[in-house]
Amino acid sequence: ISLAVPIPNVFANNDTLSTAARLSLDTQALGSLNSSSDKADWFYVNVLTIGKLTFTLHVPANQDFELQIYDKSGNRVGGSYNNTGVDETVVVNMTYGGNYYAKVYIVSSGSGSYNLQCTYSDSNRSPSLSYPSLAPSSGLTTTNFLYQVIYSDPDGDASSTRDVVIDNQAYR
């Protein structure tokens, strides 16, 4: 025997930034979208200390839902636009303490349920450089040298600069 139980959309009235529903950190918000009547849901998180926010949207296998993040002024600061059935993740390095907004919306026709979660990290850990190599190991002033290192960042951040400094002079 199969029984279908409808799940009420408790976030039915959060269709704009100004009516965004509160999203508590480390808690999943369950919602649903319908391409003919409820095309978007908005949420906000409030964090007072600058850090990193990670928004994760788990989407239905047969739907194309997207995720966009906005600052307190309504400017988009991030987004994830994966294909149908692929979860969305957006990481925001906060520039202020306060509200950040998440917009979940449906791209394709149809309907489906989703869950949205936001986690917070209050520190940005330092990257590391490892496995340095130099080739050739010696040469003349006209010799081109290749210096390589492996960059890794425990937070997944890309490097912002790629300079080598020799005798107080930076080279790119």
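Since the model is a prediction, treat every value here as computed from it, not as a measurement.

Cut-offs applied
- Residues numbered from 1 in each chain as written.
- Predicted model: local features only at pLDDT ≥ 70, side-chain atom pairs only at ≥ 80, totals over all residues.
- Heavy atoms only, no water.
- Helix = DSSP H or I, 4+ residues; strand = E, 2+ residues; numbered from the N terminus.
- Rg over C-alpha atoms; globule rule 2.2 N^0.38 Å.
- Buried < 20%, exposed > 50% of the residue type's maximum accessible area, 1.4 Å probe, protein only.
- Pairing = 2+ DSSP bridges.
- pLDDT = per-residue confidence, 0-100.
- Contact = heavy atoms within 4.5 Å.
- Phe/Tyr/Trp six-rings, centres within 6.5 Å; stacked < 30°, edge-to-face > 60°.
- Lys NZ or Arg CZ within 6 Å of the ring centre and 35° of its normal.

A. Spatial organisation of the overall build of the protein chain. Within the protein chain, the regular secondary structure consists of zero helices and 13 strands. Taken from the N to the C terminus, the helices and strands of the protein chain come in the order β-β-β-β-β-β-β-β-β-β-β-β-β. Against the 2.2 N^0.38 benchmark of 16 Å for 172 residues, the protein chain shows a C-alpha radius of gyration of 22 Å, more extended than a compact globule. The buried share of the protein chain, reckoned over its 172 residues, is 31%.

B. A look at the environment of T142. Here T142 lies in the loop between β10 (128–135) and β11 (146–152). Taking relative accessible area as the criterion, T142 reaches 67% and is therefore assigned exposed.

C. Focus on the sheet that holds strand β6 (residues 76–80). The strand order β1-β3-β8-β5-β6 describes an open sheet built from five strands, whose pairing is mixed. Where the open sheet ends on each side, the last strands, each with one partner, are β1 (21–22) and β6. Two elements, strand β5 (residues 65–70) and β6, share four bridges in a ladder whose sense is antiparallel. Opposite Q68, over in β6, you have G79 as the bridge partner.

D. Region of the structure containing unusual backbone geometry. Residue A135 is joined to P136 through a cis peptide bond whose omega torsion reads -10 degrees. Relative to the helices and strands, P136 resides in the loop between β10 and β11. Even without glycine at this site, D26 takes up a positive phi of about 60 degrees. Within the secondary structure, D26 sits in the loop between β1 and β2 (29–34). Phi angles above zero are rare outside glycine, and Y131 is one such case at about 50 degrees. Here Y131 shows up in strand β10.

E. Looking closely at the confidence of the model for the protein chain. On average, residues of the protein chain score 87 in pLDDT, and 92% of them are at 70 or above. Across the protein chain, the element-wise mean pLDDT spans from 78 in strand β12 (residues 164–166) up to 98 in β5. Across residues 1–9, where pLDDT falls below 50, the model places four contacts with residues more than four positions away in sequence or in other chains.

F. Spotlight on the packing of aromatic side chains. Counted under the stated rule, the structure contains four aromatic pairs. Ring geometry for W42 and Y70: centres 5.0 Å apart, planes at 45 degrees, overall tilted. Here the residue W42 occupies a position in strand β3 (residues 40–47), and Y70 occupies one in strand β5, the gap between them amounting to 28 residues. Summarising the burial analysis for this pair, W42 and Y70 share the class buried. Relative to Y101, the ring of Y44 lies with its centre 6.2 Å away and its plane at 45 degrees, an arrangement referred to as tilted. In this pair, Y44 is assigned in strand β3 and Y101 in strand β8 (residues 98–106), connecting sequence segments 57 residues apart. For K72, the ring lying beneath its charged end belongs to Y96, and the centroid distance is 4.4 Å. For K103, the ring lying beneath its charged end belongs to Y105, and the centroid distance is 5.1 Å.

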